[in-house]
Amino acid sequence: MSVLGLGRMGTALAGALLGAGHDVSVWNRSPLKAGPLLDRGARLAATPEEAATADVVVSCLSTYDSQQPVLAAASPKVLVNLTSGTPEQARGVAKWAASEGIEYVDGVIMAVPQGIGTPEARILYSGSEPVFEAQRGVLEVLGEPVFLGEDAGLAALYDLALLGMMWSSMGGYLHALALVGTEGITPERFTPMALGWHAAVGGFLTGIGTQVASGDYETDVSALDINAAGLALLVETSRAQGIGTAVPAALKELFDRAVASGHGSHAIASVIEEIR
Ligand code: NAP
């Protein structure tokens, strides 16, 4: 095995592989970062090409742009690409790999470095299923591997969709902290309430997904116009309390457009029509 890229994530990946008893060589643009891994038994490759003599190469650099020349120099036999990017970038590398005779699977890491090698880590893969299955054993060392399909861009698509949910949630939470903070309420006091509420909101997702799948937005629970009015109250109160409105204002604008398009009496799920 070899790992290209020893940032926070690449170091964690190489560490997990070493911990599982694999023979690991590593390459990084700044070789000094390899020190702790070398102490644990890793071998330092002087070039990406040298690292690519391993059976399987895991690549985890900051971006596809930084990765491209490294991969071109390495030209490995089997490549597991764990650098984050767009679906088009993943498909581009898959195409390049096929033209070079490189066996390729793309992956995205749904975990922080500290979670790698623990049951908390899940890594989503797409691309060649035979390559994925052949490497499943070693991929299980890094985190729970989930194969999504043969389109190499799928993992990146899921990644961005899921991260979008995460960023929206974090944005909502930070706005909430800023709002209650205007009255001296600390994160410590508010967060238990937020956690319970966040779990309750998670419980709505299946129903929303069912409505989106069917296109039937009838509701006897909560209509969009009531929620749009609630967002207006949140924007007004945020302004009155002297904090920014960027987070709720973006949603208010979207909900208002959906109401204007005739979805006022429909469920929140109908907002997807406006997004589309
Ligand atoms: P990082 O700590 O910033 O490390 C970036 C790595 O990319 C380093 O090895 C760096 O080398 C290398 N690099 C950057 N530009 C380069 C260039 N032009 N040529 C050669 N090497 C270059 O980032 P990270 O947190 O490890 O993230 C790596 C990938 O994992 C990203 O795509 C990220 O989205 C993904 N990811 C990270 C997390 C996370 O929580 N950290 C979670 C999921 C996915 P030097 O050491 O020489 O600078």
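Owing to the predicted nature of the structure, the values given are computational and were not obtained by experimental measurement.

### Here we look at the overall build of the chain
1) Next: The number of helices and strands found in the chain is twelve helices and eight strands.
2) Next: By principal-axis analysis of the C-alpha atoms, the chain measures approximately 60 × 45 × 30 Å.
3) Next: Among the 276 residues that make up the chain, the fraction classed as buried is 40%.
4) Next: Working note: accessible area of the chain is about 14,600 Å², and carbon and sulfur atoms make up 60% of it.

### A word on the site of the ligand
1) Next: Residues in close proximity to the ligand total 19 residues, the closest being Arg8, Asn28, Ser30, Lys33 and Ser84.
2) Next: Between the ligand and methionine 9, the relevant distance is 2.8 Å, taken from an oxygen atom to a main-chain nitrogen or oxygen of the residue.
3) Next: The contact in question runs from an oxygen atom of the ligand to an N or O atom on the side chain of serine 30, over 2.5 Å.
4) Next: Starting from 890 Å² of accessible surface for the ligand in isolation, the protein chains cover 75%.
5) Next: Split into classes, the residues belonging to the shell around the ligand amount to eight nonpolar, eight polar and three charged.

### Some details on the packing of aromatic side chains
1) Next: Within the structure shown, the criterion is met by two aromatic pairs.
2) Next: Considering the side-chain rings of tyrosine 125 and phenylalanine 132, the 5.4 Å spacing of their centres and the 45° angle between planes classify their relative orientation as tilted.
3) Next: Looking at tyrosine 125, the relative accessible area reads 0%, which means it is buried.
4) Next: On the basis of relative accessible area, phenylalanine 132 is assigned to the buried category, the value being 0%.
5) Next: One aromatic cluster in this structure is built from Tyr125, Phe132 and Phe147.

### Notes on the UniProt feature "domain: NADPH-dependent reductive aminase-like C-terminal" (unreviewed entry) in the chain
1) Next: In the numbering used here, UniProt assigns the feature "domain: NADPH-dependent reductive aminase-like C-terminal" (unreviewed entry) to residues 151–276.
2) Next: Split by type, residues 151–276 is 75% helix and 0% strand. Its first and last C-alpha atoms lie 22 Å apart.

### Comments concerning the nonpolar core
Buried together is how nonpolar side chains tend to be arranged in soluble globular proteins.
1) Next: Counting 34 residues, the largest nonpolar core has Leu13, Val26, Leu82, Tyr125 and Leu142 as the members making the most contacts within it.
2) Next: Looking at this core, the elements that each hand over two or more residues are helix H1 (8–19), strand S5 (78–81), strand S6 (103–110), strand S7 (122–127) and helix H6 (129–142).
3) Next: No other element matches H1, which puts seven residues into this core.
4) Next: Counting residues in each nonpolar core, the second largest holds 18 residues, with Leu61, Leu71, Tyr104 and Ala152 among its members.

### Remarks on helix H10 (residues 224–240)
1) Next: Compared with the 24 Å implied by 1.5 Å per residue over 17 residues, the 24 Å span of H10 between its first and last C-alpha is a close match.
2) Next: Within H10 the residues assigned to the buried category are Leu224, Ala228, Leu231, Val235 and Ser238. The buried residues of H10 occupy one face: seen down the axis, they fall within an arc of 80°. For H10, the exposed residues set more than 90 degrees away from the buried face come down to Ile226, Leu233, Glu236 and Ala240.

### Brief notes about the packing of helix H4 (residues 64–74) against helix H5 (residues 87–100)
1) Next: Two elements in contact, H4 and H5, have axes separated by 12 Å at closest approach and are oriented at 5°. For the element pair H4 / H5, the angle class is roughly parallel. Between H4 and H5, the contacting residues are Tyr64, Leu71 and Ala72 on the first element and Gln89, Ala90, Val93 and Trp96 on the second.

### A look at the pattern of salt bridges
1) Next: Under the criterion given, the structure shown has nine salt bridges.
2) Next: In this structure, glutamate 133 and arginine 136 form a salt bridge, with 3.0 Å as the shortest nitrogen-oxygen distance. Within this pair, glutamate 133 and its partner arginine 136 are both found in helix H6, separated by three residues, close to a single helical turn.
3) Next: Among the residues examined, arginine 136 registers a relative accessible area of 29% and is labelled partly exposed.
4) Next: Here arginine 276 and glutamate 273 are joined by a salt bridge, their closest N and O atoms 3.9 Å apart.
5) Next: When its relative accessible area of 64% is taken as the criterion, arginine 276 is described as exposed.
6) Next: The exposure class assigned to glutamate 273 is partly exposed, which follows from its relative accessible area of 35%.
7) Next: Within this structure, Glu88, Arg91 and Asp151 form a network of salt bridges that share partners.

About the cut-offs
Residues numbered from 1 in each chain as written. Predicted model: local features only at pLDDT ≥ 70, side-chain atom pairs only at ≥ 80, totals over all residues. Heavy atoms only, no water. Helix = DSSP H or I, 4+ residues; strand = E, 2+ residues; numbered from the N terminus. Buried < 20%, exposed > 50% of the residue type's maximum accessible area, 1.4 Å probe, protein only. Areas by Shrake-Rupley, 256 points an atom, 1.4 Å probe, with all protein chains shown as cover. Near = heavy atom within 4 Å. Polar contact = N/O pair within 3.5 Å; in protein donor to acceptor, adjacent residues only side chain to side chain. Nonpolar A, V, L, I, M, F, W, Y, C, P; charged D, E, K, R; others polar. Phe/Tyr/Trp six-rings, centres within 6.5 Å; stacked < 30°, edge-to-face > 60°. UniProt positions renumbered as here; feature names shortened; annotations may be inferred. Core = buried A, V, L, I, M, F, W, Y, C linked by side-chain atoms within 4.5 Å. Expected span 1.5 Å × (residues − 1). Arc of directions from axis to C-beta. Axes fitted to C-alpha atoms, helices over the stretch in contact; angles between N-to-C directions. Parallel < 35°, antiparallel > 145°, perpendicular 65-115°, else oblique. Contact = heavy atoms within 4.5 Å. Salt bridge = Lys/Arg side-chain N within 4 Å of Asp/Glu carboxyl O.

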